Amino acid sequence: MSFQDIIFYFFSAVLVASATGVITARNPVHSALLLVLAFFTSAGLWLLLEAEFLAITLVLVYVGAVMVLFLFVVMMLDINLDRLREGFWKWAPFGALLALLMSAEMAMVLMGEQFAADELPAPPSRAADYSNTKELGRLIYTEYVYAFELAAVILLVAMVAAIALTLRRRTGNKAMDVAKQVAVKREDRIRMVTMPSEKKE
């Protein structure tokens, strides 16, 4: 077993343990921190696959932005943990069945003919000026451009829907009328006053 295999199994074990802790932790803050650890170990696995750009993107975007937002939201909201645990045992059999189904699918993939080779193929030889970031950009904007644009449209629709859901009228909250703000004129807000100048004696 090589050193790279040891690093792979170490990162995989940490990733599985942290992902299990995300769904089993009783405290939402602990779940968010374990998810940060899962993202870091996933970035380590990406580095082993020589996908440096994806690893850095995973750390910067998810850990640096998304998870910080999750932590702020979780810590600022007054979450009733007892109410969240009310339906746990009700849906536990369905969750166990789904977990068994996913485990069976992964086992079928790993035991398939494509993984039955005794020796793995050698990694392709690359030029000295090879850049996986440039190659990834070329693939995204040539072969997978329609899927990339479709994902962007779906994210835009989800963002607009989230804004529309959070801007619904609530009792006791102040709401702004955007149309009135856009239609405002300078004469309605500013009043020019002429005052005589005074000279100091």
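Residues numbered from 1 in each chain as written. Predicted model: local features only at pLDDT ≥ 70, side-chain atom pairs only at ≥ 80, totals over all residues. Heavy atoms only, no water.

(A) The overall build of the chain, seen in detail. A count of helical and extended segments in the chain gives 9 helices and 0 strands. Secondary structure elements in the chain, listed N-terminal to C-terminal, are α-α-α-α-α-α-α-α-α. For the chain, buried positions account for 10% of its 201 residues. For the chain, long-range pairs separated by at least 24 residues make up 55% of all intrachain contacts whose partners lie at least 6 apart in sequence. (Helix = DSSP H or I, 4+ residues; strand = E, 2+ residues; numbered from the N terminus. Buried < 20%, exposed > 50% of the residue type's maximum accessible area, 1.4 Å probe, protein only. Contact = heavy atoms within 4.5 Å.)

(B) The arrangement of unusual backbone geometry in detail. The backbone phi angle of glutamate 50 is positive, close to 60 degrees, even though this residue is not glycine. Along the polypeptide, glutamate 50 turns up in the loop between helix H2 (28-48) and helix H3 (52-76).

(C) Representation of the packing of aromatic side chains. Considering all chains together, one arrives at 4 aromatic pairs under this definition. Between phenylalanine 8 and tyrosine 9, the ring centres sit 5.5 Å apart and the planes meet at 65 degrees, which makes this aromatic pair edge-to-face. Their ring planes at 45 degrees and their centres at 5.9 Å tell us that phenylalanine 10 and phenylalanine 11 sit as a pair that is tilted. Residue class for phenylalanine 11 comes out partly exposed when judged on its relative accessible area of 23%. (Phe/Tyr/Trp six-rings, centres within 6.5 Å; stacked < 30°, edge-to-face > 60°.)

(D) View of the side chain of serine 18. The topology assignment puts serine 18 in helix H1 (residues 3-24). The class for serine 18 is buried, based on a relative accessible area of 2%. Apart from residues lying up to four places away in sequence, serine 18 is in contact with Leu34, Leu37, Ala38 and Thr41.

(E) Fine view of H3. The end-to-end C-alpha separation of H3 is 34 Å, in line with the 36 Å expected for 25 residues at 1.5 Å each. Taken as a whole, H3 carries its principal kink of about 30 degrees at methionine 67. Listing the buried residues of H3 in full gives Ala55, Leu58, Val63, Met67 and Leu71. (Expected span 1.5 Å × (residues − 1). Bend = angle between axes of the 7 residues up to and from the residue.)

(F) Representation of the nonpolar core in the model. Membership of the largest hydrophobic core is limited to 9 residues, which are Ala32, Val36, Phe39, Ala43, Ala55, Leu58, Val63, Met67 and Leu71. In terms of residues, this core owes the most to one element, H3, which gives 5 residues. With sequence-adjacent residues up to four places away left out, alanine 32 is seen in contact with Met67 and Leu71. (Core = buried A, V, L, I, M, F, W, Y, C linked by side-chain atoms within 4.5 Å.)

(G) Region of interest: the packing of H2 against H3. One can describe the packing of H2 onto H3 by two numbers: an axis separation of 9 Å at closest approach and a directional angle of 175 degrees. What the angle tells us is that H2 and H3 run roughly antiparallel. Facing H2, whose interface residues are Pro28, Val29, Ala32, Leu33, Leu35, Val36, Phe39, Phe40, Ser42, Ala43, Trp46 and Leu47, H3 presents Glu52, Leu54, Ala55, Leu58, Val59, Tyr62, Val63, Met67, Leu71, Val74 and Met75. (Axes fitted to C-alpha atoms, helices over the stretch in contact; angles between N-to-C directions. Parallel < 35°, antiparallel > 145°, perpendicular 65-115°, else oblique.)

(H) Representation of a nonpolar patch on the surface. Taken together, the side chains of Trp91, Phe94, Leu98, Leu101, Met102 and Met106 present a nonpolar region at the surface, about 670 Å² in accessible area. Relative to the elements of secondary structure, tryptophan 91 occurs in helix H5 (residues 88-110). (Patch = residues over 30% accessible without salt bridge, like charges linked within 9 Å, V, L, I, M, F, W, Y side chains within 5 Å. Areas by Shrake-Rupley, 256 points an atom, 1.4 Å probe, with all protein chains shown as cover. Salt bridge = Lys/Arg side-chain N within 4 Å of Asp/Glu carboxyl O.)

(I) Quick look at H2. With 21 residues, H2 extends 31 Å between its outermost C-alpha atoms, agreeing within 8% with the 30 Å of an ideal straight helix rising 1.5 Å per residue. Those residues of H2 that fall on the buried side of the exposure criterion are Ser31, Ala32, Val36, Ala38, Phe39, Thr41, Ser42, Ala43, Gly44 and Leu45. Packed against the buried residues of H2 are H1 and H3. Put simply, asparagine 27 is the residue that caps the front of H2, since its side-chain oxygen is 3.1 Å from the backbone nitrogen of valine 29. Glutamate 50, located one to two residues past H2, shows a positive phi value of around 60 degrees. (Polar contact = N/O pair within 3.5 Å; in protein donor to acceptor, adjacent residues only side chain to side chain.)

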